[in-house]
Amino acid sequence: MNNGIAIIAHAPLASALRECVAHVFADRVASVVAVDVQPDAPVAQSVAQARLALRPLGDAPLLLLTDVLGATPSNVARELLAGRTAHLLAGVNLPMLLRAITYQHEPLAELAARALQGGTRGVLQVTTSAEIELADVKQGCKE
């Protein structure tokens, strides 16, 4: 059985990330749950909403992904850990989520490690405007 994946983030990030999954992995989106934590919603209400959203995943091991450690979505996600086999990662981004979907079948601890690796490796500086300008100057010299 595959692990379930839940994205719990400030609205509308969780739903937006799930839509990206649907775009890339349409056949796997059913095992991904998104919970958008609304501004000014009481934590208890958000926890209840998240528990309801997780029902379709049953008792599957769960990878919880949240956006900002210590913020309300993170606190909601922590409430969901009790009584469940789960790992919680903060700082969710699209590379992390796509890596999680790709390796969803692996044991939960390995899945969490791969997701974390995908998230950190997906953040990098590609270039700077100074490098682009220098490349344009060099290109102009060759013409």
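This text goes with the structure placed above it.
Residues numbered from 1 in each chain as written. Predicted model: local features only at pLDDT ≥ 70, side-chain atom pairs only at ≥ 80, totals over all residues. Heavy atoms only, no water.

*Asks:* What is the right way to look at the pairing of strand β4 (residues 86-90) in this model?
*Replies:* Put simply, side chains in a regular strand alternate between the two faces of the sheet. Relative to β4, strand β3 (residues 62-66) runs parallel, the two sharing five bridges. Note on β4: the bridge partner recorded for Leu 62 is Ala 86. (Pairing = 2+ DSSP bridges. Helix = DSSP H or I, 4+ residues; strand = E, 2+ residues; numbered from the N terminus.)

*Asks:* Hey, could you run me through the sheet that holds strand β1 (residues 4-10) in this one?
*Replies:* To summarise the sheet geometry, strands pair through backbone hydrogen bonds and adopt either a parallel or an antiparallel arrangement. An order of β2-β1-β3-β4 is seen for the four strands of this open sheet, with the pairing classed as parallel. The open sheet has two edge strands with one neighbour each: β2 (32-37) and β4. Ignoring strand direction, the axes of neighbouring strands in this sheet form an average angle of 15°. Its contacts with the sheet place helix α3 (residues 72-79) against β1, β2, β3 and β4, and it is angled at close to 145° to β1. (Axes fitted to C-alpha atoms, helices over the stretch in contact; angles between N-to-C directions. Contact = heavy atoms within 4.5 Å.)

*Asks:* Would you mind showing me how to read the packing of aromatic side chains here?
*Replies:* For any pair of aromatic rings, geometry is given as the distance between the ring centres together with the angle between the planes. Applying the stated criterion across every chain yields a total of zero aromatic pairs. Positioned over the ring face of Tyr 103 is Arg 114, at 3.9 Å from the centre of the ring. (Phe/Tyr/Trp six-rings, centres within 6.5 Å; stacked < 30°, edge-to-face > 60°. Lys NZ or Arg CZ within 6 Å of the ring centre and 35° of its normal.)

*Asks:* I keep staring at the environment of Ala 113 and nothing clicks. Help me out?
*Replies:* Secondary-structure assignment places Ala 113 in helix α5 (residues 108-121). Separated by 13 residues in sequence, Ala 113 and Ala 100 have C-alpha atoms that sit 9.2 Å apart.

*Asks:* Where do I start with the packing of helix α4 (residues 94-102) against α5 in this structure?
*Replies:* Packed helices, taken two at a time, are described by the angle between their axes plus the distance between the axes. Relative orientation of the contacting elements α4 and α5 amounts to 150°, with a least axis distance of 7 Å. The two elements α4 and α5 meet at a crossing, and its hand is right-handed. Residues Pro 95, Met 96, Arg 99 and Ala 100 of α4 pack against Leu 111, Arg 114, Ala 115, Leu 116, Gln 117, Gly 118 and Gly 119 of α5. Within the contact of α4 with α5, the residues separate by chemical class into six nonpolar, three polar and two charged. (Left-handed = near helix turned anticlockwise from the far one by under 90°. Nonpolar A, V, L, I, M, F, W, Y, C, P; charged D, E, K, R; others polar.)

*Asks:* Would you take a moment to explain the pattern of salt bridges for this structure?
*Replies:* Charged atoms that come close allow side chains of opposite charge to pair. Evaluation of the coordinates by the stated rule reveals one salt bridge. In this structure, Arg 114 and Glu 106 form a salt bridge, with 2.8 Å as the shortest nitrogen-oxygen distance. In this structure Arg 114 comes out as partly exposed when scored by relative accessible area, which is 28%. Residue class for Glu 106 comes out buried when judged on its relative accessible area of 13%. (Salt bridge = Lys/Arg side-chain N within 4 Å of Asp/Glu carboxyl O. Buried < 20%, exposed > 50% of the residue type's maximum accessible area, 1.4 Å probe, protein only.)

*Asks:* Can you help me understand the pairing of β1 in this one?
*Replies:* Of all the seven residues making up β1, six are buried; the element is thus mostly covered by neighbouring parts of the structure. Note that β1 and β3 share five bridges and pair parallel. Note on β3: the bridge partner recorded for Ile 7 is Leu 65. Of the pairings in the sheet, the one linking β1 to β2 comprises six bridges and is parallel in character. Opposite Ala 6, over in β2, you have Val 33 as the bridge partner.

*Asks:* I keep staring at α5 and nothing clicks. Help me out?
*Replies:* What sets the pattern is the α-helix's 3.6 residues per turn: residues three or four places apart point alike. With 14 residues, α5 extends 20 Å from end C-alpha to end C-alpha; this agrees with the ideal 20 Å at 1.5 Å per step. Within α5, burial applies to Leu 108, Leu 111, Ala 112, Ala 115, Gly 118 and Gly 119. One face of α5 carries all of its buried residues, which in axial projection span an arc of 130°. Facing away from the buried surface of α5 by more than 90 degrees, the exposed residues are Thr 120 and Arg 121. Of the surrounding elements, those touching the buried residues of α5 are β3, β4 and α4. (Expected span 1.5 Å × (residues − 1). Arc of directions from axis to C-beta.)

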